[in-house]
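Below are the chains, spelled out letter by letter.
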Amino acid sequence: MEDINNTFIPKDVSEFTVETDDFSVSCISKVPKQKSMPPVLIENILHQGHSMLLCGPAKSYKSYLLLMLCIGIATGTEWLGNKCSQGNVLLIEFENSEIMTHNRIKSILEENELDESCLSHISILSIKNTFNMDKLTDWLIKNVPQDLYSAIIIDPLYKIFEGAESQAEFVDKVLSKIDYLSKKLKASIIMCHHTKKETQGYQSPIDKISGSSIIGRDIAALICISAVYEKDGYSHELIKTKLRHFPPQKPFYINISGGTYSIEKKKNTPKTNTASEESANISKSAESKNKKDLIRFYKFLNETIGTVKINQLEELMGVSKNTLKKYIDETPGFSRDNGVVTYTAP
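Starting from 1, residues in each chain are numbered consecutively following that chain's sequence as written. Thresholds applied to this predicted model are a pLDDT of at least 70 for local features of residues and 80 or more for the giving and counting of side-chain atom pairs; totals over whole chains, interfaces and linings are not thresholded and use all residues. Hydrogen atoms and water are omitted, and side-chain values are computed over all heavy atoms in the structure.

**Section: the nonpolar core**
1) Next: Residue types Ala, Val, Leu, Ile, Met, Phe, Trp, Tyr and Cys, when buried and joined through side-chain atoms within 4.5 Å, form a set referred to as a nonpolar core. For each residue, the accessible area found with a 1.4 Å probe, counting protein chains only, is set against the maximum for its type, and the residue is called buried under 20%, exposed over 50%, and partly exposed in between. Counting 40 residues, the largest nonpolar core has Ile42, Ile45, Leu46, Met52, Leu65, Leu69 and Trp79 as the members making the most contacts within it.
2) Next: Starting at the N terminus, helices and strands are each numbered in turn, a helix being any DSSP run of H or I of at least four residues and a strand any DSSP run of E of at least two. No other element matches helix α2 (residues 62-75), which puts ten residues into this core.
3) Next: Counting 34 residues, the second-largest nonpolar core is a separate cluster that includes Ile152, Ile154, Leu157 and Ile160.

Okay, here's the thing in structure tokens:
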């Protein structure tokens with residue numbers, strides 16, 4: 001046992017400081033002098049060294065958006081309308097070969113008239129066999145120099161799961177490894193995951209994530225493709241965010257062309273309601289407001305995608321299906337049939 005006389009005993013709280021790989025203790029009066037916020041990697045979304053999850057349903061261009069993020073960081077340009085700090089990116093690809101990923105990135109660069117010089121800032125780690133998180137973490141720490149990459153992207157996340165993604169204990173272990181990897185390599189870990197195949201009524205972005213809710217609650221930034229509508233060869237996608245260290249962002253639409261992969265951030269998207277608004281007691285004035293919102297949301301969807309369905313309004317307004325049906329039935333000019341909503345101004 002260590003001799004207590006040889007141990008430093010602080011005279012007051014301000015002198016007590018401990019720093020290890022697992023935790024740190026500092027007097028809060030000295031924190032501004034000893035610590036500083038990490039640099040911003042994606043403006044308004046993510047600091048470098050923090051984790052982010054992009055989630056969405058199948059065939060919703062998740063991988064494409066991650067490739068756009070690779071390019072945004074490699075070139076120091078925007079991603080989803082937010083400026084990226086220029087840096088190197090390591091893309092860990094479980095589903096496509098190096099040449100397929102290279103060709104997809106080149107195609108995106110050509111469509112967006114970007115110079116191919118940014119390719120020198122993007123590395124691809126193509127994994128052909130089963131690679132659990134323990135094995136992946138050990139390999140990366142052994143082979144990747146610290147500070148070499150600003151971001152490490154894992155696509156998709158479920159490929160490093162050995163057990164069921166619904167088991168909280170197992171998922172927590174994987175996320176702890178991701179946090180450890182991020183600290184060791186001083187890089188943001190950005191992951192891609194799928195949402196539940198079927199959801200009942202309005203759900204927050206965190207609750208849409210497939211598997212344990214720990215996945216969404218353990219990360220610093222969640223970008224959720226909340227709804228996807230197809231029209232005229234374009235994919236219109238509703239994007240919602242959940243951010244820990246930045247102010248909340250209003251939901252917005254992006255338009256992705258299946259042929260050209262062009263992307264457009266929609267402006268003046270109607271404000272969506274929160275889950276708490278749904279459960280609040282609705283006064284007469286609130287009912288009037290919700291009916292006005294119904295008209296506003298309907299017109300927005302009708303102009304964007306054409307035919308409007310109940311589940312699309314339900315998602316955008318953030319209300320239950322029964323509540324939405326009540327609004328539709330009580331608002332003059334509205335009708336519904338087989339899940340399709342129509343409106344004619346009275």
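**Re the pairing of strand β8 (residues 89-93)**
1) Next: Among the five residues of β8, five are classified as buried, and the element is accordingly described as predominantly covered.
2) Next: A strand pair is defined by DSSP finding two or more bridges across the two strands. Where β8 meets strand β10 (residues 151-155), five bridges bridge the pair, whose relative direction is parallel. Counterpart to Glu93 in the pairing with β10 is Asp155.
3) Next: Considered for its hand, the β-α-β crossover made up of β8, helix α3 (residues 98-111) and strand β9 (residues 122-126) is right-handed. Crossover handedness is defined here as right-handed if the route from the first strand over the helix to the second strand goes clockwise, with the strands pointing away from the viewer.

**A word on the sheet that holds strand β18 (residues 340-343)**
Two pairing modes exist for strands in a sheet, parallel and antiparallel, and in both the strands are linked by backbone hydrogen bonds.
1) Next: Ordered by their spatial adjacency, three strands build an open sheet running β16-β18-β17, and the pairing between neighbours is antiparallel. Looking at which strands have only one partner, the edges of the open sheet turn out to be β16 (308-309) and β17 (334-337).
2) Next: Looking at chain direction, β16 and β18 are connected through two bridges and run antiparallel. Looking across to β18, one finds that Val308 is bridged to Val341.
3) Next: Any two residues whose heavy atoms approach within 4.5 Å are treated as being in contact. To get an axis, fit a line to the C-alpha atoms, keeping to the stretch in contact for a helix; angles then go from 0 to 180 degrees between the N-to-C directions. Contacting β17 and β18, helix α11 (residues 321-330) crosses the sheet at an angle of about 130 degrees to β17.

**A short note on the environment of Pro156**
1) Next: The topology assignment puts Pro156 in the loop between β10 and α5 (168-185).
2) Next: With 37 residues separating them in the primary sequence, Pro156 and His193 have C-alpha atoms 5.8 Å apart.
3) Next: Not counting residues up to four positions away in its chain, the partners in contact with Pro156 are Phe94, Glu95 and Cys192.

**Brief notes about the confidence of the model for the protein chain**
1) Next: Residue-level confidence of the predictor is summarised by pLDDT, bounded by 0 at the bottom and 100 at the top. For the protein chain, the mean per-residue pLDDT works out to 81, and 83% of the residues sit at or above 70.
2) Next: Mean pLDDT across the secondary structure elements of the protein chain bottoms out at helix α8 (residues 275-279), with 45, and peaks at strand β3 (residues 40-42), with 97.
3) Next: The model gives residues 265-270 a pLDDT under 50, and that stretch makes 15 contacts with residues more than four places away or in other chains.
4) Next: Confidence over residues 274-285 falls short of pLDDT 50; this stretch has twelve contacts with residues more than four positions distant or in other chains.

**Observations regarding the packing of helix α10 (residues 310-317) against α11**
1) Next: Between α10 and α11, the shortest axis-to-axis distance is 10 Å and the interhelical angle comes to 105 degrees. Between α10 and α11, the interaxial angle falls into the category roughly perpendicular. Facing α10, whose interface residues are Ile310, Leu313, Glu314 and Met317, α11 presents Lys321, Leu324, Lys325, Tyr327 and Ile328.
2) Next: Across the contact of α10 with α11, the residue classes break down as six nonpolar, no polar and three charged. With respect to orientation, any angle under 35 degrees is reported as roughly parallel, any angle over 145 as roughly antiparallel, any angle of 65 to 115 as roughly perpendicular, and every other angle as oblique. Polarity classes work like this: nonpolar for Ala, Val, Leu, Ile, Met, Phe, Trp, Tyr, Cys and Pro, charged for Asp, Glu, Lys and Arg, and polar for all others, with Gly in that last group.

**With respect to unusual backbone geometry**
1) Next: The amide bond that connects Asp155 to the next residue, Pro156, takes the cis arrangement and shows omega of -5 degrees.
2) Next: Phi at Glu113 is positive, roughly 55 degrees, even though this residue is not glycine.
3) Next: By the element assignment, Glu113 lies in the loop between α3 and β9.

**A short note on the side chain of Thr241**
1) Next: Within the element layout of this structure, Thr241 appears in strand β13 (residues 234-243).
2) Next: Once residues lying within four places of it in the same chain are set aside, the contact partners of Thr241 are Leu222, Ile223 and Gln249.

**Observations concerning α5**
1) Next: If you check α5, its first and last C-alpha atoms are 26 Å apart, about what 18 residues at 1.5 Å a residue would give, namely 26 Å.
2) Next: Those residues of α5 that sit buried are Phe170, Val171, Val174, Leu175, Ile178, Leu181, Ser182 and Leu185. Buried residues in α5, looked at end-on, bunch into an arc of 130 degrees, giving them a common side. With respect to the buried face of α5, the exposed residues turned more than 90 degrees away are Glu169, Lys173 and Lys183.
3) Next: Buried residues along α5 sit in contact with α4 (133-143), β10, β11 (188-194) and α7 (214-217).
4) Next: Downstream of α5 by one or two residues, Lys186 has phi in the positive range, about 55 degrees. By definition here, a helix of n residues has an expected span of 1.5 Å times n minus one. The directions from the helix axis to the C-beta atoms form the arc being described.

**Side note on the packing of α2 against α3**
1) Next: Relative to each other, α2 and α3 sit at 70 degrees, their axes nearing to 10 Å. Here α2 is positioned roughly perpendicular relative to α3, judged by the angle of their axes. Two secondary-structure elements touch here, α2 through Ser63, Tyr64, Leu67, Met68 and Ile71 and α3 through Thr101, Arg104, Ile105, Ile108 and Leu109.
2) Next: Across the contact of α2 with α3, the residue classes break down as seven nonpolar, two polar and one charged.

**Quick look at the packing of aromatic side chains**
1) Next: Each Phe, Tyr or Trp ring (for Trp, its six-membered ring) is paired with any other whose centre lies within 6.5 Å, and the angle between the two planes then decides the class: stacked below 30 degrees, edge-to-face above 60, tilted in between. With the rule as written, the count across this model stands at four aromatic pairs.
2) Next: Where Tyr298 meets Phe334, the ring centres are 5.5 Å apart and the plane angle is 85 degrees; that geometry is what we call edge-to-face. Taken together, the residues span a long stretch of sequence, with Tyr298 in helix α9 (residues 284-305) and Phe334 in strand β17 at a distance of 36 residues. In this structure, Tyr298 and Phe334 share a single accessibility class: buried.
3) Next: Grouping aromatic residues by their ring pairs yields a cluster made of Tyr298, Phe334 and Tyr343.
4) Next: Over the ring of Phe297 we find Arg296; its NZ or CZ atom is 5.3 Å from the centre of that ring. A ring is considered to have a charge above it if a Lys NZ or an Arg CZ atom is located within 6 Å of its centre and within 35 degrees of its normal.

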